[in-house]
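# Chains, contacts and geometry: an overview
The lines below spell out each chain.
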Protein chains: 2
Amino acid sequence: MPRIDLDSIAERNSTGYPADHAGAVAGRWVRRLGPMAGLSDFGVSHVVLKPGAASSQRHWHEDEDEFLVMLAGIATLVEEDGRSLLRPGDMAAFPKGEPNGHHLVNESDSDCTFVVFGRPPTGDCHYPDIDLLWSGGIYRHKDGSSY
Amino acid sequence: MPRIDLDSIAERNSTGYPADHAGAVAGRWVRRLGPMAGLSDFGVSHVVLKPGAASSQRHWHEDEDEFLVMLAGIATLVEEDGRSLLRPGDMAAFPKGEPNGHHLVNESDSDCTFVVFGRPPTGDCHYPDIDLLWSGGIYRHKDGSSY
């Protein structure tokens, strides 16, 4: 059945971030839709952010394009040069290699929901605000030492 | 600017279908968002179907995963085994190689809008309802002869 049945897909709020940086995404609930739906060309995640939660730490990928579609609620998009609101139907693209650290933060009083597309990166991911770097498949301090 | 500004992107209702099969998509208006946004990992199209229009002829791809997100209006999803309605926020996945011919048809009195993701296929695309086959980069009759 092509139609996605969200209720049949488990949601998780786990993160691989080191403990120092994990709190921001504790209220992020993710359903990975791609594998369940039999897709392998790209990944698709359905994400609910509880009030106060962030989609990730602010970051940019060297080698992963990302695209998101807002489904419900209001999110604040924080990027290098400012902040803006995303509402249902709004879309945003983050091309690989563009050093514009970005994330969504739910600064409203209600849940917000979006769906985001990407492909598994192999290159580095940069976090401009904190002492974090994803490189060689693990999280590191900015000096390259592992957590 | 990561946010997609639809008004800045031209919409087109052109099709590569042979003339015999082009009428169904005359009311399909497409904006290709990926290149404009600087993405290359996957394609993203924003599609408006006028009342009566179809997203495509009913088809399935040998080697292209597809995923769609409904944004506005109501579309009828027609697949091998039946029909169902898709409303804003509904999502559907069509894994490559699954011989479940599918398309959306706008059987309502108002426009409907969705966004669809995929990667350029190189393999064949099959059209179960009509004398059409996409193979070797061109449209053919089912017997392999070119249009």
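Reading the values: rules and limits
- Residues numbered from 1 in each chain as written.
- Chains lettered and ligands numbered in written order.
- Predicted model: local features only at pLDDT ≥ 70, side-chain atom pairs only at ≥ 80, totals over all residues.
- Helix = DSSP H or I, 4+ residues; strand = E, 2+ residues; numbered from the N terminus.
- Rg over C-alpha atoms; globule rule 2.2 N^0.38 Å.
- Contact = placed C-beta atoms within 7 Å.
- Least-squares fit on C-alpha atoms with pLDDT ≥ 70 in both.
- Pairing = 2+ DSSP bridges.
- Axes fitted to C-alpha atoms, helices over the stretch in contact; angles between N-to-C directions.
- Core = buried A, V, L, I, M, F, W, Y, C linked by C-beta atoms within 7 Å.
- Buried ≥ 20, exposed ≤ 12 C-beta atoms within 10 Å, placed from the backbone.
- Nonpolar A, V, L, I, M, F, W, Y, C, P; charged D, E, K, R; others polar.

Time to look at the overall build of chain A. From N to C terminus, chain A includes one helix and 12 strands. Mapped in sequence order, the helices and strands of chain A form the string β-α-β-β-β-β-β-β-β-β-β-β-β. Here chain A has a C-alpha radius of gyration of 15 Å; the compact-globule value for 147 residues is 15 Å, and the two agree. With the C-alpha coordinates aligned to their principal axes, the bounding extent of chain A is approximately 45 × 35 × 25 Å. The contacts of chain A with a sequence gap of at least 6 include a subset with a gap of at least 24, amounting to 66%.

All right, on to the relation of the copies chain A and chain B then. Superposition of chain A onto chain B requires a rotation of 180° combined with a translation of 0.0 Å along the rotation axis, giving an RMSD of 0.0 Å. In symmetry terms, the pair is related by a two-fold rotation axis. Of the residues that chain A buries at the interface, 100% are likewise interface residues in chain B, meaning the two copies contact each other through the same surface.

Moving on: the sheet that holds strand S8 (residues 103–105) of chain A. Residue and element names in this part refer to chain A. Taken in spatial order, the three strands of this open sheet run S6-S5-S8, and their pairing is antiparallel. Both edges of this open sheet fall to strand S6 (82–86) and S8, since each of them pairs with a single strand only. Shown here is a sheet whose adjacent strand axes are inclined to one another by a mean of 30°, direction ignored. In this structure, strand S5 (residues 75–79) lies alongside S6, joined through five bridges in antiparallel fashion.

All right, on to the sheet that holds strand S1 (residues 28–32) of chain B then. All names here are of chain B. Taken together, the five strands give an open sheet; going across it, the order is S1-S2-S9-S4-S7, and neighbouring strands pair in antiparallel fashion. The open sheet is flanked by S1 and strand S7 (91–94), the only strands paired with a single partner. Strand-to-strand, the axes of this sheet are offset by a mean angle of 20°, without reference to chain direction. Where strand S4 (residues 66–72) and strand S9 (residues 112–118) come together, six bridges link them in antiparallel fashion. Within the sheet, the bridge partner assigned to Leu68 lies in S9 and is Val116.

Let us look at the nonpolar core. Formed by 62 residues in total, the largest nonpolar core has its most connected members in Val69(A), Ala75(A), Phe114(A), Val69(B), Ala75(B) and Phe114(B). Filtering out sequence-adjacent residues up to four positions away, Phe114(B) remains in contact with Val47(B), Leu68(B), Val69(B), Met70(B), Leu71(B), Ala75(B) and Leu104(B).

Accessible area lost during the coming together of the parts is what is often quoted as the interface size. Contact with chain A, which involves 30 residues of that partner, is made by 30 residues of chain B. Of all elements in the fold, only strand S4 (66–72), S5, strand S7 (91–94) and strand S9 (112–118) of chain A reach the threshold of two or more residues within the side of chain A that touches chain B. Here the residues of the side of chain A that touches chain B sort into 19 nonpolar, five polar and six charged.

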